[in-house]
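Now for the letters of each chain:
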Amino acid sequence: MITFTPLSGAARSSRTVPLAYLLQVDDIRILLDCGSPDWNPENIKTQSESGDRVTYPWQEYCDIVRKYAPDIDLVLLSHGDLAHSGLYAYAYCHWDLRAPCYTTLPVQAMARIATMEDVEGIRDEQEVDIEDEETNESVAGDGAGSSEPRSPKVKNEPKKFVATVQEVHEAFDAVNTLRYSQPTHLQGKCQGLTITPFAAGHTLGGTIWKIRSPSAGTIVYAVNLNHMRERHIDGTVLYRPAAGGVFEPLARPDLFITDADRVNVVTSRRKDRDAALIDAISATLSSRSSLLLPCDSSTRLLELLVLLDQHWKYADFRFPICLLSRNGREMLTFVRSMMEWLGGTVSKEDVGVDGSGRTGGIRRRRGDDDADDEALGAFALRFKFLEFFPSPQSLLQTYSSKEPKLILAVPASLSHGPSRLLFSDFAAVPDNVVLLTSRGEEDTLGRILFDKWNNSQRGDDKWDKGKIGSNVMMDGAMTLKMNSKVPLQGAELEAFLAKEKAAKDREAAHQASMARNQRILEADEDESDEDSDSDSDEEDEVERALDESQMDTDEISNPANGSPRKRKIPKNEDDADWGLDIDEGLTKQLLSFDIYLKGNVSKATSFFKSAGGQTHRFRMFPYVEKKRRVDEYGETIDVGMWLRKGKVLENEAEDEATREARRTQAEGETEAPHEPPSKFVTSEVEIQLACRLLFVDMEGLNDGRAVKMIVPQVNPRKMIIVHAQAAAADALIDSCANIRSMTRDIYAPSVGETVQIGQHTNSFSISLSDELLSTIKMSRFEDNEVGYVTGRVASHFSSTIPILEPSGPAIPTPNANILHTPRLLGSRPLQILPRSTMIGELKLTALKSRLASVGVQAELVGEGVLICGAGARRDQSSSSIQDTVAVRKTGPGRVELEGNVSDIYYVVRKEIYNLHALVAT
């Protein structure tokens, strides 16, 4: 049984992003996408009606994802933007979403870059790691990990679920990557499922997921498709007219999950859209004005960069293209190394060939940090007119605000980051142009500007009518809330330093107290374990003393002149070290052993001296009894020895590259500049709008005409519509209802609504014995072989899977109640004969082709009737009707063969049998 529940981005919903859906196949729970909402909407309530709790648009969605996350068994990501993958890193690290995650390699990298850009931009302006109970107390901190001072906030400050950079890397490092058309058989709880990714278009590495289950059939999840070829990627494989229509492996699925967000949209031609974009840019730069183009940080940015780079080369522009992104250079470096995933015009570029056709002798472009970049990608991805800037301040240090330039700034929603900060200064300058390429998420500044532009257009020029609108002059005022991070000054800085010093003193006192307590505990332990410890200490010290005493020469003092003289001591003699044959008058400095004394007794002195200045010692045989320390559980284990050994083994297992990376990371941490103490402040800025506004659709998605053409050709048995508003979902349902062959089982669930498809089935694994396999008569049907078996299930100790064995002859039970049926005198008893089963569906057109191959003419007359033999030939007389056979389909699985008994009759019957699989029982 299949159960589908939209967590966000459902049909008939005003908010179509983010996308997250829970698909349950029998007992396996699959999370399809895990997008993040925009954390900085514009018009949002700061208090609820009751005044005791704040509600935010993302609260319900995040709560339900947190609820289901620990029980998820599989995660599939389809695209690498925030709407599909933005929340995965936080859910992985904080909500225990540790299920295996699969996607393509470009989606993994693009999602990592997009998430890092988002979290760095938000954390650089706002404080997100706070709880609802916290008060308005201002606490200062530095950038090295301590809490930073907070500006006064209302009660119940929202908890924004924004991961850290380290958590983003940890989460996406755990993602499993696949290639297109690579079937993967899952293990563990998901055993039995097979997943296969296919190209979806729209984004680099965008994926259509095909999920194959032995009990539920084939499920295809396809959202945000684009069948048109673009400059940097090819269209989706789902529909290609040149290849004959729908891709065969994706045709006729049991369940088709797709979106209908743009069903009511008519998109203009790509040629017209590109021309409108280029004309607006050229006209603005030629008039010595600038353009601000908000864009995303990874996926759709590539299409814009390729288009702009081609036009800059063609027009020989000298205006700079400025990209404000922290991770833009890293994104392009990755894309250059993944040329096999690219398509469109970029894939035709020759590696190492520039625009003039020259090869070889390529000089490294100044400012390119990667020395190997020239050998990694095509010249179409060099972007020699593109310059990278991590912040607006660095842009202003290079170019003044009056110089004409094209600025690409992230994010596309203008909710935070460089694009919002630039817009606050950019919009007040006349003749500047704000160029939008996407509609943006609901309640963001990008959507507000789009609605302002769309409402200013005439009825036929609106964005969804297939026309290119004109730019509009904005007027009036707009109030924006700006978040920023400023260093502490004056009294705030002194208060922070004093508080930091007090915290360090408290920490030092706490550490000193812990050390003192540890010493006391160790002293108590030494006293309590004196017996066992002393044995161990004696062993160690005596062994050291023995090492010192094992010398080839022995120093003996001469009493006459006090000068030492040396005597050779043979090592292998038992009594050599003890000098039993030496003069008793000589004072020996040999080591003596006393079992009652600890330590190096040869150097020990006593208060009571002998006449010769030496203490009297009893010399004994140097035997040390090896004692084992035991406790109530047996012999004690030296944990420190095992830890040291494990560390040595780990160091030996590491290769040179790993050690070098760790050394570089440690050096980077030590050399990282110390950020001064700072605080987050929020201010409201009123902007006088004077710039021009233009929207050109560059989202790269199918419009309504394409969706209504592709879906019926896929011809699914059941379909679920997601990611659409109510009008769009109803329009697609009505369009499918007008097609006779299209299924009527179409669902459009809302958020939280559960759709159940099929019935719950239990599947079991069983093994056929060799004896049973030898008795089965198999019949071939299409690509399969079918046979009828009957047997007895047996369990063997050597196998965990039950075995089906041949059943023995039935033994009649003497007490069984036998039902006797009356029969005529002299008649034979009734015997139940086994019946054969025919598998397959007869197609009269296929039968006609087979009959023609064996020389029997056939013609279709009427609906569902095939005339075979002489009656199918027009030149034959009516007397030849005896050689005519009629084949009729009277219903599903019912075929009638009518005609006289003749050779034609048996030929036709044989061909009908050959079109089926005959299973003998």
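Here is a short report on the structure shown in this document. The structure displayed is predicted, hence computed values, not measured ones.

It is worth spelling out the environment of Leu324 at this point. Relative to the elements of secondary structure, Leu324 occurs in strand β15 (residues 321–324). With 95 residues separating them in the primary sequence, Leu324 and Ser419 have C-alpha atoms 8.1 Å apart. In this structure Leu324 touches Phe389, Ser391, Pro392, Leu395, Ile407, Leu408, Ala409, Val410, Pro418 and Leu422, once residues within four positions along its chain are discounted.

It is worth spelling out the packing of aromatic side chains at this point. Taken as a whole, this structure holds 21 aromatic pairs when the rule is applied. Summarising the aromatic geometry, the rings of Tyr905 and Tyr906 are spaced 5.5 Å apart at their centres and angled 90° between planes, so their arrangement reads as edge-to-face. Judged by its relative accessible area of 18%, Tyr905 falls in the buried class. The rings of Trp39, Tyr56, Trp58, Tyr90, Trp95 and Phe161 are connected pair by pair, giving a single aromatic cluster. For the cation-ring pair, Arg98 lies above Tyr92, with the distance from its terminal atom to the ring centre recorded as 4.1 Å.

One recurring pattern in soluble globular proteins is that nonpolar side chains are buried together. With 77 residues, the main nonpolar core has Ile281, Trp312, Val335, Leu408, Phe423 and Leu449 as its most contacted residues. Counting residues per element, this core draws most heavily on helix α7 (residues 301–315), which supplies 8 residues. Once you skip the residues sitting within four places of it in the chain, Val335 turns out to touch Met110, Leu204, Leu302, Leu342 and Leu381. The next biggest cluster of nonpolar side chains, apart from the first, holds 39 residues, and it includes Trp58, Ala91, Ala99 and Ala163.

Here the focus is empty space enclosed by the protein. Throughout the structure, instances matching the rule amount to 7 cavities of 30 Å³ or more. In this structure, the largest cavity occupies an estimated 170 Å³ of space. Lining of the largest cavity is provided by 17 residues; of these, Leu225, Thr258, Asp259, Asn702 and Val707 occupy positions nearest its centre. Those elements that provide at least two residues to the lining of the largest cavity are β13 (255–259) and α16 (704–714). With 4 residues, the top contributor of residues to the lining of the largest cavity is α16. In terms of residue class, the lining of the largest cavity is made up of 10 nonpolar, 4 polar and 3 charged. Computed from the structure, the second largest cavity encloses a volume of approximately 110 Å³.

Next up on the list: the pattern of salt bridges. Two side chains with opposite charge may pair up if their charged atoms get near one another. Tallied over the entire structure, the rule returns 29 salt bridges. Two residues, Glu42 and Arg420, come together in a salt bridge whose shortest N-O distance is 2.5 Å. On the criterion of sequence distance, the pair formed by Glu42 in the loop between β3 (28–32) and α1 (59–68) and Arg420 in helix α10 (residues 417–426) is long-range, its members being 378 residues apart. On the accessibility criterion, Glu42 (19% relative accessible area) is buried. Its relative accessible area of 6% is what places Arg420 among the buried residues. Notably, a salt bridge pairs Arg458 with Asp461, separated by 2.9 Å at the nearest N-O pair. A relative accessible area of 63% places Arg458 in the exposed class. Salt bridges sharing common partners tie together Asp261, Arg262, Arg439, Asp697 and Glu699.

Take the pairing of strand β17 (residues 406–409) next. Residue alternation in β17 divides its side chains into two sets, Leu406 and Leu408 and Ile407 and Ala409, and both sets are buried. Where strand β14 (residues 291–294) meets β17, 4 bridges bridge the pair, whose relative direction is parallel. Across the sheet, the residue bridging to Leu291 is Leu406, located in β17. Two elements, β15 and β17, share 4 bridges in a ladder whose sense is parallel. When the bridges of β17 are listed, Leu324 appears paired with Ala409.

What counts, and at which threshold
- Residues numbered from 1 in each chain as written.
- Predicted model: local features only at pLDDT ≥ 70, side-chain atom pairs only at ≥ 80, totals over all residues.
- Heavy atoms only, no water.
- Helix = DSSP H or I, 4+ residues; strand = E, 2+ residues; numbered from the N terminus.
- Contact = heavy atoms within 4.5 Å.
- Phe/Tyr/Trp six-rings, centres within 6.5 Å; stacked < 30°, edge-to-face > 60°.
- Buried < 20%, exposed > 50% of the residue type's maximum accessible area, 1.4 Å probe, protein only.
- Lys NZ or Arg CZ within 6 Å of the ring centre and 35° of its normal.
- Core = buried A, V, L, I, M, F, W, Y, C linked by side-chain atoms within 4.5 Å.
- 1 Å grid on protein atoms, 1.4 Å probe; cavity = no way out; pocket = protein on both sides within 12 Å on 5 of 7 lines; lining within 4 Å.
- Points joined across faces, edges and corners; volume = space filled by probe spheres on them.
- Nonpolar A, V, L, I, M, F, W, Y, C, P; charged D, E, K, R; others polar.
- Salt bridge = Lys/Arg side-chain N within 4 Å of Asp/Glu carboxyl O.
- Pairing = 2+ DSSP bridges.

So, to be careful, I would describe these as geometric facts and stop short of saying anything about function.
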